[in-house]
Amino acid sequence: MSKTMKVYLARIAGFCLGVKRAVDMALFTSRESKGQVYTFGPLIHNPSVLALLEARGVKVLRDVPASGEGVVIIRAHGAPPDQKEALVRAGFNVVDATCPRVVKVQMLARYYAKKGFKCLLIGDKGHPEVAGIMGYAGEGGMLISSEDDINALPAEIGRYVILAQTTQDEERFHEWSRLILERYPGGRVLNTICDATRRRQDEARRLAGLVDAVIVAGGKESANTKRLAGIVKECGKVAMAVETEEDLDKAVISNFRAVGITAGASTPNWIINRVAREVEAMPGAFEPASRRAAYGLMRFLHESTLLTAMAGGALAAASAMVQGFPLIPAAPISCLYIFAMHTLNRLIDREAGAYNDPLRVRFLIKHKVFFFGASVLALLLSLFMAFGLGSGPFMLLLVLTALGAFYAAPVIPAGRKRISLKNLPGSKAIFVSIAWAAVAVLVPGLEQPLDPCRLVWFVLSGTLVYLRTVLMELLDVQGDRIVGKESLVIAIGEGCALRLIRTGAVTLALASISLSVPALFPCPLFVFLPAGVWFFYLSSLFYGERVRENMRLEFMVESVFFILFVSVFIARISHYLF
């Protein structure tokens, strides 16, 4: 039997399409609207997100006043039509953020109500989504929230249709629909449970079959979060509902041999990340110290930016071996420079990081004096080592450092204010890829003539770093949206970004094969093939609604540079380079 506590993260959890859309609309409206912004009732059932909106000046409007002004956002659960009309009459500009899946149920209720059908809605009494749908069903709406409600139905109800609240339990819906049909044959049954809800419930059942207990992260008022916890209990496993990592009962959790983590559809990714990181860091009651030490080392490398620096060093080492340059100082220069620039950037620009990877930001802030000093020292050391290679490498690294500072400076006129280059969509991926490739490929051999092999290696290395940076932006998309960052992923959409990565990975792989002609390029460009294949695989992990746990995925993304280094090393020992 295993002596370690295994932690399983649900493959599908967190923000669904409707919640994500509502939050994005609320954030965009709060930034663009000149007047007061309200949500009609809580936008979603998650206190962390509501606190975020409140911090951005978004207030909750619970009743329709006689008159008012500003923007009112209809929450993801929707609202009855008479309340929407009353808000418009009161003088508000109404922005409808109702989930499209909920809108579909509302329209079905209105359609069948106009046809003279009774609408039997299987849902939770008092839930705002239910109130909205019942408003569209009119006088013919009947709420079924328990088997007692089925027994209390009148002897005759005439023509009817059965609908479901989008977050209802699938098994309950089918069972109650069967009971209604047995009593009133001939009714129409429309399963309007959202696919996202169904997938999360199925995943909770699968997860419960693997573990002793399941931690369900989400708001205490969230119906779908409560339902997930209920499903886990029905599977005979312990369910622990938490809103944040602070609610974790570490003494109880550490006694389990296998723990699962899932989350409701209104739980943001940063909460899931924090809960997962805390659980993985817990010492299991039967866990050896070596495993805890290994995890602690991984966490330190991730949070200290050393992992990123080592990845840059691996790229420089691979380049040096191919071009015949000494690994030292090529790899240390790249490693030190990348550590300095990335750490300083994270220390300065902490707003998005507080949502994307709050534990890393907390770690860097706690030790900010040390990391600021270490970054400055690393930058000076990299410049000193570059100076030892000649004036050319030193000047190039100095220019790259200046461009790094210039990148964040407000120099571009934009109306009455100035913005920095980092505010331009897609600029980060371009700047990072050029900087990494220049430091790793060009700096070590700048004193020598630029041959075609080095130029092609620079382009392929830059492409590799570009794909890496776009994948990192996909990991950070929630936090970037919250603070209003215009990343490439936000500008073109997550779907387009994934297609870009896949196309780039395939292009990189094909180029590495087609350019591997010794007569043209006497360097082993085919070593980029495993890196291209690895990135193509990684892109599949970002499709759909899979949970993205930052530390694990960041290790997988950065590992591409170690794969490249190993490929070059294998090529060398097999005498390809000799």
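Below, the structure is looked at part by part. No experiment lies behind these values; they were computed from the predicted model shown.

## Quick notes on the side chain of T225
Then, number 1: Topologically, T225 is positioned in helix α9 (residues 223-234).
Then, number 2: Note on T225: relative accessible area 3%, which makes it buried.

## Quick notes on a nonpolar patch on the surface
Then, number 1: Taken together, the side chains of V566, F569, I570 and I573 define a hydrophobic patch exposed on the protein surface, amounting to about 370 Å² of accessible area.
Then, number 2: Within the element layout of this structure, F569 appears in helix α25 (residues 550-573).

## A closer look at the sheet that holds strand β5 (residues 93-96)
Then, number 1: Taken together, four strands build an open sheet; the order of strands is β3-β2-β4-β5 and the sheet is parallel. In the strand order of this sheet, the two ends are held by β3 (58-61) and β5, each with one partner. Strand-to-strand twist in this sheet, taken as the mean axis angle between neighbours without regard to direction, amounts to 30°.
Then, number 2: With four bridges connecting them, strand β2 (residues 37-40) and strand β4 (residues 71-74) associate as parallel partners. Note on β4: the bridge partner recorded for T39 is I73.

## Thoughts on the nonpolar core
Then, number 1: Ranked by internal contacts, the top residues of the largest apolar core, which has 70 residues, are W457, L464, F535 and F561.
Then, number 2: Element by element, the count of residues in this core is highest for helix α20 (residues 452-475), at 12 residues.
Then, number 3: Not counting residues within four places of it along the chain, the set of residues in contact with F561 comprises A311, A314, L315, W436, L464, V465 and R468.
Then, number 4: Within the second largest apolar cluster, 59 residues are counted, among which are V19, V23, V37 and L228.

## Looking at the sheet that holds strand β7 (residues 141-144)
Then, number 1: Pairing within the open sheet is parallel, and its four strands lie in the order β7-β6-β8-β9. Because the sheet does not close on itself, it has two edges, and the strands there are β7 and β9 (188-189).
Then, number 2: Pairing geometry for strand β8 (residues 160-164) and β9, over two bridges, is parallel. From the neighbouring strand, V161 faces β9, where its bridge partner is R188.
Then, number 3: Relative to β8, helix α4 (residues 100-114) is tilted by about 170°, and along the sheet it contacts β6 (118-122), β8 and β9.
Then, number 4: In this fold helix α7 (residues 170-183) packs onto β6, β7, β8 and β9, with an angle of close to 165° to the strand it touches most, β8.

The rules behind each value
Residues numbered from 1 in each chain as written. Predicted model: local features only at pLDDT ≥ 70, side-chain atom pairs only at ≥ 80, totals over all residues. Heavy atoms only, no water. Helix = DSSP H or I, 4+ residues; strand = E, 2+ residues; numbered from the N terminus. Buried < 20%, exposed > 50% of the residue type's maximum accessible area, 1.4 Å probe, protein only. Patch = residues over 30% accessible without salt bridge, like charges linked within 9 Å, V, L, I, M, F, W, Y side chains within 5 Å. Areas by Shrake-Rupley, 256 points an atom, 1.4 Å probe, with all protein chains shown as cover. Salt bridge = Lys/Arg side-chain N within 4 Å of Asp/Glu carboxyl O. Pairing = 2+ DSSP bridges. Axes fitted to C-alpha atoms, helices over the stretch in contact; angles between N-to-C directions. Core = buried A, V, L, I, M, F, W, Y, C linked by side-chain atoms within 4.5 Å. Contact = heavy atoms within 4.5 Å.

It is worth stressing that arrangement in space is one thing and function is another; only the former is reported here.
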